[in-house]
Amino acid sequence: MSEVVDAPVKPAFEPASLHPMRGEDGEIIQIRQFNLWYGASQALFDNNFSIERGLVTALIGPSGCGKSTLLRCFNRMNDLIDNLRVTGKIVLDNADIFAPNIDVIALRKRMGMVFQKPNPFPMSIYENVVYPLRIDGVRSKSRLDETCERALKDAGLWDEAKDRLESSALGLSGGQQQRLCIARAIAGDPEVLLLDEPCSALDPIATAKIEELIDELRGKYTVIIVTHNMQQAVRVSDNTAFMYLGRLIEYGDTNTVFENPQRPRTHDYVTGRFG
């Protein structure tokens with residue numbers, strides 16, 4: 001795949017850095033020479049970059065490029081797939097998350113996950129939000145109430161839901177359900193929010209609310225979002241990683257990636273020549 005490491009778009013450009021961090025102390029996740037196979041089929045190839053703490057990082061690229069696969073590695077959701085094999089490292093706060101001694105359940109508690117389609121449980125709004133605490137054995141009504149209010153406020157849903165907490169979550173609109181899922185994800189106080197195409201099933205108005213929410217969550221959480229919508233990546237993210245055929249092609253400040261890309265394939269993708 002010689003085109004993956006091809007020359008700069010313009011001769012004056014320097015080669016793109018895959019490590020545009022603002023200081024080692026700002027990193028929360030480091031991906032180092034990371035490869036992944038489904039059986040004999042390799043899906044990720046020698047990926048190297050780091051995620052900055054407290055910022056929003058977008059993973060973009062055409063369908064099948066490996067961005068959702070990589071996202072699901074961060075909380076080891078891919079462990080549920082047969083014949084999966086990885087090499088290299090993904091390091092969270094100096095610990096390799098694929099090390100044999102890692103408590104995967106504890107890892108997943110540090111990683112809130114929100115999927116493409118809203119998936120509220122068939123129970124009340126209140127019980128949806130406090131579910132992570134329930135399964136941890138929390139029984140204190142005051143703590144459950146406090147967590148529910150905090151999470152719904154952080155998810156921008158409190159004013160719409162505070163008078164119907166005992167109503168079924170299935171009665172909410174699609175956009176409200178997705179914000180509820182975000183509230184449920186942050187109720188357990190994770191460090192990282194993993195958002196896998198969170199707006200793909202939503203209308204433009206609901207999408208705008210989710211994007212506003214992501215902006216408000218910046219700083220409280222490290223947010224990693226997979227999106228096919230390049231305009232959305234520009235609107236919500238601080239850093240952007242462009243992936244193609246399982247490889248990281250370019251990673252950097254979002255404005256730079258979109259306005260001054262260093263790789264020809266990045267330039268072609270962000271200008272709509274393919275994808």
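Here we summarise the structure given alongside this text. Note that the coordinates shown come from a computational prediction; the quantities given were computed from them, not determined experimentally.

## Considerations on the packing of aromatic side chains
A full pass over the atoms with the stated rule returns four aromatic pairs. Consider the rings of Phe 34 and Phe 98, whose centres lie 5.6 Å apart with planes at 35 degrees: the pair is tilted. Placement of the pair is Phe 34 in strand S1 (residues 27-38) and Phe 98 in the loop between strand S5 (95-96) and helix H2 (104-109), with a sequence separation of 64 residues. Here Phe 98 falls in the buried class, since its relative accessible area comes to 19%. Its end group placed over the ring of Phe 121, Arg 184 keeps NZ or CZ at 4.0 Å from the ring centre.

## Side note on the environment of Gly 26
Mapping Gly 26 onto the fold places it in the segment before S1. Of the residues examined, Gly 26 reaches a relative accessible area of 24% and is grouped as partly exposed. Sequence separation of Gly 26 and Glu 52 is 26 residues, and the distance between their C-alpha atoms is 5.4 Å. Ignoring anything within four residues of it in the chain, the contact list for Gly 26 reads Ile 51, Glu 52 and Arg 53.

## Let's talk about the pairing of S1
With nine of twelve residues buried, S1 is to be regarded as a mostly interior element. Examined bridge by bridge, S1 and strand S2 (residues 41-52) share eight bridges and lie antiparallel to one another. Among the inter-strand pairings, Leu 36 is bridged to a residue of S2, identified as Leu 44. Across eight bridges, the pairing between S1 and strand S4 (residues 84-92) is antiparallel. Within S4, the position partnered with Arg 32 by the bridge is Lys 89.

## Comments concerning the sheet that holds strand S10 (residues 247-253)
Spatially, S6-S7-S8-S3-S9-S10 is the arrangement adopted by the six strands of the open sheet, whose pairing is mixed. Across the chains shown, the open sheet's two edge strands, defined by having one partner strand only, are strand S6 (111-114) and S10. Taken pair by pair, the neighbouring strands of this sheet meet at an average axis angle of 15 degrees, ignoring direction. Bridge count between strand S3 (residues 56-60) and strand S8 (residues 222-226): four bridges; the pairing is parallel. From the neighbouring strand, Val 56 faces S8, where its bridge partner is Val 223.

## Details of the side chain of Glu 211
When you line up the elements, Glu 211 lands in helix H7 (residues 204-217). Non-local contacts of Glu 211, meaning those with residues more than four positions away in its chain, are made with Gln 232, Arg 235 and Val 236.

## A short note on the pairing of strand S9 (residues 239-244)
Successive side chains on a regular strand alternate, one facing one side of the sheet and the next facing the other. Within S9, six of the six residues are buried, leaving the element largely enclosed by the surrounding structure. Residues of S9 alternate between two faces, with Asn 239, Ala 241 and Met 243 on one and Thr 240, Phe 242 and Tyr 244 on the opposite face, all of them buried. Note: S3 against S9, four bridges, orientation parallel. Each bridged residue has a counterpart across the sheet, and for Thr 57 the counterpart in S9 is Asn 239. Two strands pair when backbone bridges link them, and S9 and S10 are joined in this way by six bridges, in the antiparallel orientation. The residue of S10 that forms the bridge with Tyr 244 is Arg 247. Taking the residues between adjacent antiparallel strands as the criterion, S9 and S10 are bridged by two residues, where Leu 245 takes a positive phi near 50 degrees.

Reading guide: rules and limits
- All residue numbers refer to positions counted from 1 along the written sequence of the respective chain.
- With the structure being a predicted model, the display of local features is reserved for residues of pLDDT at least 70 and the display and counting of side-chain atom pairs for 80 or more, all residues being used for whole-chain, interface and lining totals.
- With hydrogens and water excluded, all non-hydrogen atoms of the structure serve as input to the side-chain values.
- Any two of the Phe, Tyr and Trp rings considered here, Trp counted by its six-membered ring, make a pair once their centres fall within 6.5 Å; the pair's planes then place it as stacked at under 30 degrees, edge-to-face at over 60, or tilted in between.
- Working definition: helices are DSSP H or I runs of at least four residues, strands are E runs of at least two. Numbering for both runs from the N terminus.
- Each residue is assigned to one of three classes by its accessible area relative to the maximum for its type, calculated with a 1.4 Å probe on protein chains only: buried under 20%, partly exposed between the two thresholds, exposed over 50%.
- Think of it as a cone above the ring: NZ of Lys or CZ of Arg counts as a charge over the ring if it is within 6 Å of the ring centre and within 35 degrees of the ring normal.
- Contacts were defined at the residue level, with two residues in contact if any of their heavy atoms lie within 4.5 Å.
- A strand pair is defined by DSSP finding two or more bridges across the two strands.
- To get an axis, fit a line to the C-alpha atoms, keeping to the stretch in contact for a helix; angles then go from 0 to 180 degrees between the N-to-C directions.

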